[in-house]
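# Coordinates in review
Listed below are the residues making up each chain.
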Amino acid sequence: MSAATADRGGSGVAAGTGAAGTGPVQQTSGAGLGHAVRVAVGPADLAACFAVRKEVFVVEQGVAEDLEYDGRDGDAVHVLAVRADGQPLGTGRLLYGPGAADRTGGDPAVGSLGRLAVTAAARGLGIGAALVRAIEEAARGRGLAAVDLHAQSHALGFYERLGYVAYGPEFLDADMPHRAMRREL
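Right, let's walk through the structure included here. (Residues numbered from 1 in each chain as written. Predicted model: local features only at pLDDT ≥ 70, side-chain atom pairs only at ≥ 80, totals over all residues. Heavy atoms only, no water.)

## Overview of the nonpolar core
Basically, it comes down to this: Working definition of a nonpolar core: buried Ala, Val, Leu, Ile, Met, Phe, Trp, Tyr and Cys residues. They are joined through side-chain atoms within 4.5 Å. Only protein chains enter the area calculation, which uses a 1.4 Å probe; residues under 20% of their type maximum are buried, those over 50% are exposed, and those in between are partly exposed. Helix and strand labels come from DSSP, where a helix needs a run of H or I of at least four residues and a strand needs a run of E of at least two; each type is numbered from the N terminus. Residue contacts are defined here by distance: any two heavy atoms, one from each residue, within 4.5 Å place the two residues in contact.
Counting 31 residues, the largest nonpolar core has Leu113, Ile127, Leu131, Val132, Tyr159 and Tyr164 as its most contacted members. Of all the elements in the fold, those that place two or more residues in this core are strand S2 (33-39), strand S3 (77-83), strand S4 (88-95), strand S5 (110-118), helix H3 (127-141), strand S6 (146-152) and helix H4 (156-161). Among all residues touching tyrosine 164, those that are not within four sequence positions of it are Leu113, Val132, Glu136, Val147, Leu149, Tyr159, Met181, Arg182 and Arg183.

## Overview of unusual backbone geometry
One non-glycine residue, arginine 115, lies in the positive phi region at around 50°. Assessed through its relative accessible area of 0%, arginine 115 is described here as buried. Even without being glycine, alanine 174 reaches a positive phi, approximately 55°. Tracing the chain through its elements places alanine 174 in the loop between strand S7 (165-173) and strand S8 (176-184). Classification of alanine 174 as partly exposed rests on a relative accessible area of 22%.

## A closer look at the pairing of S5
For clarity, the threshold we go by: Note: two strands are recorded as paired if DSSP finds a minimum of 2 bridges between them. Here a crossover is taken to be right-handed if, once the strands point away from the viewer, the path from the first strand over the helix to the second is traced clockwise.
Most of S5 is tucked away, with 9 of its 9 residues classed as buried. Here S4 runs beside S5; their pairing, made up of 5 bridges, is antiparallel. Paired with leucine 95 across the strands is serine 112, a residue of S5. As defined by bridge partners, S5 adjoins S6 across 4 bridges and the pair is classed as parallel. Directly across from glycine 111, in S6, lies its bridge partner valine 147. Chirality of the crossover, the property in question, places the unit of S5, H3 and S6 among those that are right-handed.

## Some points on the packing of aromatic side chains
What counts is decided by this rule: Whether two aromatic rings pair depends on their centres lying within 6.5 Å, for rings of Phe, Tyr and Trp, where Trp uses its six-membered ring; planes under 30 degrees apart make the pair stacked, over 60 edge-to-face, and the rest tilted.
For the coordinates displayed, the defined rule picks out 3 aromatic pairs. Between the aromatic rings of phenylalanine 50 and tyrosine 69, the centroid separation amounts to 5.7 Å while the plane-to-plane angle is 90°, which identifies the pairing as edge-to-face. Of the two residues, phenylalanine 50 sits in helix H1 (residues 42-60) while tyrosine 69 sits in the loop between helix H2 (65-68) and S3, which places them 19 residues apart along the sequence. Where tyrosine 159 meets tyrosine 164, the ring centres are 6.0 Å apart and the plane angle is 80°; that geometry is what we call edge-to-face. Both residues of the pair, tyrosine 159 and tyrosine 164, count as buried. Connected via pairs of aromatic rings, a cluster forms that spans Phe158, Tyr159 and Tyr164.

## Quick notes on the pattern of salt bridges
Heads up, the rule is: Salt bridge, as used here: a side-chain nitrogen of Lys or Arg that lies within 4 Å of a carboxyl oxygen of Asp or Glu.
This structure, assessed with the given rule, holds 17 salt bridges. The salt bridge partner of aspartate 70 is arginine 103, with a shortest N-O separation of 3.8 Å. Highlighted residues: aspartate 70 in the loop between H2 and S3 and arginine 103 in the loop between S4 and S5, separated in sequence by 33 residues. The exposure class assigned to aspartate 70 is partly exposed, which follows from its relative accessible area of 24%.

Just distances and angles here, no functional claims.
This is the structure we're talking about:
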């Protein structure tokens, strides 16, 4: 996953963990780098998620911290990719229910994937795709029928390869062009 595939998801992603799916969601490896993707549990996991987001969005992409941390993290399900030694590699979040209504057209059966970020050192290893699949699994576990996201326009191909379809016009978020996308689950 390149820096271009980092997805702010309309300006945010992180938060509470929800009950289902705590433990490893997926075990994968790439280029000799074993890693696990799981729902974030507890303060240490959330701190790791926020650290990855800060590195990718605030430092690399220049997003203002007040835009990155949008107050929705406490109501979201966060997923975390970690190396076998515990080093965080990537993160993403799922908003659902009333907290996602402004991103899903008010449809309670649709969740919102966002704040997908992979560290520069871990890009190209399949971690971004594993994070997306973990978020989709969390959405299924909550009875959702589809997942929407706001993709940075340069990342459209990444999400299209995962089954997402763009809709609506391009728009700016944090001064970067984005498109809305959806995948039925």
